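Examination of the molecular architecture
Residue strings, one per chain:
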Amino acid sequence: MRIIMFTGKGGVGKTSIASATGIQSAKRGYRTLVMSLDSAHSLADSFDLDRRLMDRAKGKPVDVADNLAIQEVDVQEEVQEHWGEVHSYISCLLNVSGLEEVLAEELAILPGMEEVTSLLNINRYLKDDAYDVILLDCAPTGESLRFISLPTTLEWYMKKIFTVERAMFKVTRPVMKQLTSVPLPEDSYFQSLAVLYERLEGIDKLLTDADTTTVRLVTNPEKMVIKESQRAFMYFSLYGLCVDAVVINRVLPEEVGGYFDKWLEAQKKYIEDVHNCFSPVPTWQVELSRNEMIGIDDLARLGEDLYGDRDPTERFYAKNPLTFRKRNGKYVMTLQTPFITKEDIDLSKSGGELIVRIGNYKRHVLLPRSMAGREPSGAKLDGDKLTVTFGGKNG
Ligand SMILES: Nc1ncnc2c1ncn2[C@@H]1O[C@H](COP(=O)(O)OP(=O)(O)OP(=O)(O)O)[C@@H](O)[C@H]1O
Ligand SMILES: [Mg+2]
């Protein structure tokens, strides 16, 4: 199976690009699912489908063309199915603490449940061999980062906290019940968490295996949007996910002219910035169309513009272009560069960014917080891999 995540700042065109990719993938005969991870679902609107059709599907996949289905996960339905015990315990707890039952039930859908639900779905499709390609239309960046961090966080919780908590409650429940009116979690609560966790087994490996999963960052040629894409790129690299392409959507065509002269000029600079931030990951451009991208015909055209004759499910870049590690107390960053022979490496820092210059090559790298306050103390170029070591904290 192949999984591709489409992510980026709000409104940049994630849903449109994911849908357009879905159409191209299905045309090639791959059984394709486009799944929305955004609770503010807009896949059906993108495909111009009747809302009632989606409502009837209750969060299950809906066929939209040969080999192509879309899914807008319904967290309420899924919570009933997978989170029964957990949800009822938490809502009971909230209800006891004075909240109206309806509100308690609503609030007991904790942040993260939606993402876990989607992970459960993906894992099931994998086990059932239901699809060849799953395209994830992610929520704006922040939330999709939570999505990819979940397997790691869950594993930590299950290994470190869960077993201790469960054992503790087993022993203390009878005594504590006498002492407090707050409902205590029954063992069935822990049991259902354990079942959930089992169902998630393997998903973390799947997400960080570049043969299966890659990320496509959708961006626009605008300052703030690029900054956010850079941040996303850094976080995805930290989690070991492979970004295999960057899509610069809504590029103004030259013909707009006149009133947009300044925009056109600024955009040229920003497109160059995108190259500087993400190369050697390929960057593609898509023009702002004359109209909104609504319905299968518009989306198909968008897909053709984007991929041409290329197979959209290809891995367009297979290496992890950026890694951050701590080795023997030292922070080390590695960066893939296009093959460069010139050995003059110039490193400078501006804000939290490291600017790498090797001959004509220039690259801006946003650093994780732990490294942003440190100065680079050494750099080594080995073929196409640059290793930068960071020293002590500034100031
Ligand atoms: N290249 C393009 N040309 C013209 N219109 C576009 C283009 N790309 C996207 N749009 C339009 O821009 C709007 C926002 O796009 P879309 O919903 O795909 O963005 P998004 O990133 O998924 O937004 P959100 O963060 O709200 O989920 C839609 O109306 C879509 O039709
Ligand atoms: Mg969207």
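Preceding this section is the structure that the text describes.
To keep things clear, this report deals only with the structure shown in the data block. (Residues numbered from 1 in each chain as written. Chains lettered and ligands numbered in written order. Predicted model: local features only at pLDDT ≥ 70, side-chain atom pairs only at ≥ 80, totals over all residues.)

Describing the site of ligand 1
Taken together, 18 residues sit near ligand 1, with G13, K14, T15, S16 and S289 positioned nearest. Those elements that provide at least two residues to the shell around ligand 1 are α1 (14–27) and β7 (242–251). The biggest single contributor to the shell around ligand 1 is α1, with three residues. For the shell around ligand 1, the residue count by class is six nonpolar, eight polar and four charged. (Near = placed C-beta within 6 Å. Helix = DSSP H or I, 4+ residues; strand = E, 2+ residues; numbered from the N terminus. Nonpolar A, V, L, I, M, F, W, Y, C, P; charged D, E, K, R; others polar.)

Thoughts on the environment of C242
Take C242: it is sitting in strand β7. According to the C-beta neighbour criterion, C242 is buried, with 22 such atoms within 10 Å. On a C-alpha basis, the gap between C242 and K319 in space is 6.7 Å, while along the polypeptide they are 77 residues apart. (Buried ≥ 20, exposed ≤ 12 C-beta atoms within 10 Å, placed from the backbone.)

Focus: the packing of α1 against helix α13 (residues 296–307)
Direction vectors running N to C along α1 and α13 enclose 85°, while the axes themselves pass 8 Å from each other. It follows that α1 is roughly perpendicular to α13 by the angle criterion. Facing α1, whose interface residues are S16, I17, S19, A20, T21, I23 and Q24, α13 presents I296, L299, A300, L302, G303, L306 and Y307. Within the contact of α1 with α13, the residues separate by chemical class into nine nonpolar, five polar and no charged. (Axes fitted to C-alpha atoms, helices over the stretch in contact; angles between N-to-C directions. Parallel < 35°, antiparallel > 145°, perpendicular 65-115°, else oblique. Contact = placed C-beta atoms within 7 Å.)

Re the nonpolar core
Among the nonpolar cores identified, the biggest contains 61 residues, and F6, I134, L135, L136, V243, V246 and V247 are the most heavily contacted of them. When residues of this core are assigned to their parent elements, the largest contribution, six residues, is made by β7. Residues in contact with V243, not counting those within four places in the same chain, are T214, V215, L217, F233, F236 and V281. One finds L354, I358, V365 and F390 within the second-largest nonpolar core, a separate group that totals 13 residues. (Core = buried A, V, L, I, M, F, W, Y, C linked by C-beta atoms within 7 Å.)

Some words on the sheet that holds strand β9 (residues 322–327)
Strand order in the open sheet formed by four strands is β9-β10-β15-β14, with antiparallel pairing between adjacent strands. This sheet does not close on itself; its edge strands, each paired only once, are β9 and β14 (374–382). When strand polarity is set aside, the average angle formed by the axes of neighbouring strands in this sheet is 20°. Pairing of β9 with strand β10 (residues 330–336) involves six bridges; the strand directions are antiparallel. (Pairing = 2+ DSSP bridges.)

Looking at the sheet that holds β7
The strand order across the open sheet built from eight strands is β3-β4-β2-β5-β1-β6-β7-β8, with neighbouring strands paired in mixed fashion. Strands at the two margins of the open sheet, each flanked by one partner only, are β3 (62–65) and β8 (283–287). On average, adjacent strands in this sheet sit at an angle of 25° to one another, irrespective of strand direction. In terms of strand pairing, strand β2 (residues 32–36) meets strand β4 (residues 68–72) through five bridges, oriented parallel. Bridged to T32 within β4 is L68. Against the sheet, α1 contacts β1 (2–7), β2, β3, β4, β5 (133–137), β6 (213–219) and β7, and its axis sits at roughly 170° relative to β5. Together, β6, β7 and β8 form the strand contacts of helix α12 (residues 261–278), whose direction differs from that of β7 by roughly 175°.

Here we look at the pairing of β3
Relative to β4, β3 is paired through three bridges, and the arrangement is antiparallel. When the sheet's bridge partners are listed, D63 is paired in β4 with A69. Between β3 and β4, which pair antiparallel one after the other, the connecting turn spans two residues, and N67 there sits at a positive phi close to 65°.

Quick word on α12
Compared with the 26 Å implied by 1.5 Å per residue over 18 residues, the 26 Å span of α12 between its first and last C-alpha is a close match. Of the positions making up α12, those classed as buried are V274, C277 and F278. The arc enclosing the buried residues of α12, seen along the axis, measures out at 65°, which places them on a common side. Exposed and facing more than 90 degrees away from the buried side of α12 are D261, E265, K268, K269 and E272. Buried residues in α12 make contact with β6, α11 (223–238), β7, β8 and β13 (361–366). (Expected span 1.5 Å × (residues − 1). Arc of directions from axis to C-beta.)

What to know about unusual backbone geometry
S279 connects to P280 through a cis peptide bond whose omega is 5°. Its identity as a non-glycine residue notwithstanding, D48 has a phi of 60°, on the positive side. Note on placement: D48 falls in the loop between α2 (43–46) and α3 (51–57). Residue classification places D48 among the partly exposed positions, given that 13 C-beta atoms sit within 10 Å. The backbone phi angle of N67 is positive, close to 65°, even though this residue is not glycine.

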